[in-house]
Amino acid sequence: MLYLIGLGLGDETDITVKGLEIVRRASRVYLESYTAILLVDVAVLEKYYGREVVVADREMVESASDDILNDAQNVDVAFLVVGDPFGATTHTDLVLRARSLSIPIKTIPNASIMSAIGSTGLQLYNFGQTISMVFFTDSWKPASFYDRVRENRNIGLHTLVLLDIKVKEQSVENIMRGRKIFEPPRYMTVGQCCSQMLEIEEIKKAEGEGGAYDEESLAVGAARVGGVSEKFVSGTLKQLCEADEALGGPLHSLVLLGRKTHELESDYVREFAVDTEVWDRIWKRDYEGKS
Ligand SMILES: C[S@@+](CC[C@H](N)C(=O)[O-])C[C@H]1O[C@@H](n2cnc3c(N)ncnc32)[C@H](O)[C@@H]1O
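Bear in mind that the values here come from a model prediction, so they are computed numbers and not experimental data.

Scoring rules and cut-offs
- Residues numbered from 1 in each chain as written.
- Predicted model: local features only at pLDDT ≥ 70, side-chain atom pairs only at ≥ 80, totals over all residues.
- Pairing = 2+ DSSP bridges.
- Helix = DSSP H or I, 4+ residues; strand = E, 2+ residues; numbered from the N terminus.
- Axes fitted to C-alpha atoms, helices over the stretch in contact; angles between N-to-C directions.
- Domains from an automatic or database assignment.
- Contact = placed C-beta atoms within 7 Å.
- Nonpolar A, V, L, I, M, F, W, Y, C, P; charged D, E, K, R; others polar.
- Buried ≥ 20, exposed ≤ 12 C-beta atoms within 10 Å, placed from the backbone.
- Arc of directions from axis to C-beta.
- Core = buried A, V, L, I, M, F, W, Y, C linked by C-beta atoms within 7 Å.

What the five strands build is an open sheet, ordered β3-β2-β4-β1-β5; its pairing is parallel. Of all strands in the sheet, those bounded by a partner on one side alone are β3 (54-56) and β5 (105-108). The mean inter-strand angle of the sheet, taken between neighbouring strand axes irrespective of direction, is 25 degrees. By the bridge criterion, four bridges tie strand β1 (residues 2-6) to β5 in an arrangement that is parallel.

Structure below.
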């Protein structure tokens, strides 16, 4: 059996009892290491589980899945995913490959950023489409997220923005020279995300297609949700460009508020405001009574 086991978002103790029992008896245990990170080291997981954990990078999962699935018709294999195995990551390829080999599959769910973001005080009912923000380069600034934000905002809904993670990246020079040297991992911050969103808004405005949001749109930045050092900071997109120090280390996510925000949601999120006077002024002007 192939078990896809969610680890939740915090530390080694967030695995469910059901998941832990499977990990302890499985023949092999893999940890998917490239779509999200847990807030503790693999060594801590290994000690807690009492098992060796093989770190599976993208290459191993996508190109060498035979190793992971080897003999899983007869023995139990645990594939650990940070958060929920089907929360913003699906590993469909691995599951389809297992199916094609007649390997039975079972999922053990856990908390995902898609649900834990509710601890900002924003109601999950009021969220629209989730988007992903990737790191821009000098020549590549993908703006496909923009229309989905506009659609959410047009019907008053919040937008959860998941931020890029780059692990095991190679520079073009190292690829050209055939050198297997990897860049240090990079995790997009709320500040980088807000700057990129405002950059795209400027481009759209110049093209006569702007207006999905602006510098004074209200948002909340969330860091290490579910961990002991979880942190939220709210403010305008412009203010959140400077919020990285207050938020601290990875992982970060952002929620852009929709105009149908309920007063209770605003009261809750306001507690994290960089500047409550600015928050109140913009809330009264642009959001209050719009639901
Ligand atoms: C591809 S999603 C992974 C989803 C994961 N399987 C889950 O269910 O939560 C990765 C992105 O989710 C967000 N994220 C994941 N865990 C987070 C956390 N604890 N706090 C804040 N953001 C988080 C970050 O933006 C990160 O880059």
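Bringing the domain arrangement of the protein into the picture now. Assigned domains of the protein: these are domain 1 (2-111) and domain 2 (114-287). Its C-alpha centre places domain 1 at a distance of 28 Å from the equivalent point of domain 2. Listed per partner, the contact involves 16 residues of domain 1 and 14 residues of domain 2. Of the residues in the side of domain 1 that touches domain 2, the class split is seven nonpolar, five polar and four charged.

With that out of the way, let us pick up the pairing of strand β11 (residues 231-236). Counting buried positions over the six residues of β11 gives five, a clear majority of the element. With six bridges connecting them, strand β10 (residues 218-223) and β11 associate as antiparallel partners. Looking at the pairing, Val 220 lines up with Ser 234 of β11.

Here the focus is helix α12 (residues 263-270). Here α12 has its buried residues at Glu 265, Ser 266 and Val 269. Projected down its long axis, α12 carries its buried residues within an arc of 95 degrees, all on one side. Counted as exposed and oriented over 90 degrees from the buried face of α12: Glu 263, Leu 264 and Asp 267. Against β10, β11 and α13 (276-287) lie the buried residues of α12.

The next thing to look at is the nonpolar core. In this structure, Cys 193, Ala 219 and Val 255 are the most contacted members of the largest nonpolar core, which totals 43 residues. Residues in contact with Val 255, not counting those within four places in the same chain, are Ile 117, Thr 120, Leu 122, His 158, Thr 159, Leu 160, Ala 219 and Val 220.

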